[in-house]
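What follows is each chain in one-letter form.
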Amino acid sequence: MAMTMTGEVQLAAPRQAVWDKLNDPEVLKACIPGCEELEKTDEGGFRATAKMKVGPVSARFKGKVMLSDLDPPNGYKISGEGEGGVAGFAKGGATVGLADKDGGTLLSYNVEAQIGGKLAQLGQRLINGAAKKLADEFFANFAKAVQG
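Please read these numbers as outputs of a predicted model, since none were measured by experiment.

1. As for the side chain of T105
- With respect to the helices and strands, T105 occurs in strand β7 (residues 104–116).
- The exposure class of T105 is buried, given its relative accessible area of 0%.
- There is a polar contact of 2.6 Å between the side chain of T105 and the backbone oxygen of A13.
- In this structure the side chain of T105 is engaged in a polar contact, spanning 3.0 Å, whose partner is the backbone nitrogen of R15.
- Those residues in contact with T105 that lie beyond four places of it in its chain are V9, Q10, L11, A13, P14, R15, V18, L98 and A99.

2. Some points on the packing of aromatic side chains
- What the rule picks out here adds up to four aromatic pairs.
- One aromatic cluster is present, formed by Y109, F138, F139 and F142 through successive ring pairs.

Parameters and conventions
Residues numbered from 1 in each chain as written. Predicted model: local features only at pLDDT ≥ 70, side-chain atom pairs only at ≥ 80, totals over all residues. Heavy atoms only, no water. Helix = DSSP H or I, 4+ residues; strand = E, 2+ residues; numbered from the N terminus. Buried < 20%, exposed > 50% of the residue type's maximum accessible area, 1.4 Å probe, protein only. Polar contact = N/O pair within 3.5 Å; in protein donor to acceptor, adjacent residues only side chain to side chain. Contact = heavy atoms within 4.5 Å. Phe/Tyr/Trp six-rings, centres within 6.5 Å; stacked < 30°, edge-to-face > 60°.

Laid out in structure tokens, this is it:
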């Protein structure tokens, strides 16, 4: 099952500061809902474990995340895949762009993911709702981290 999502968020911080935080594993770990571990790997990516609940399905996803098309401080592409045991799997990517706006930074994102297994059986509406909630939580946390 495919899922796409786009959005943007205005951050009251300079672009370089936003870029630095987007590349800081400690910050990302603190901002990702349900994230239990996030560590840098030798290939320039991250290994992550996150616990998530979507509708009636709870799962602990283990996965890896890679950053590519790095264009500091303008954006990058982040792609990853995670396995959640019987709950299923998710894999996908997001392009993240940063632009100067109103004395701060406008962060825009475009997500495309493939979801399979039990999660996919929950249906598009539930998955999209859960994904949007996750994104909203992440960016609310990230905005605090960047502005604090």
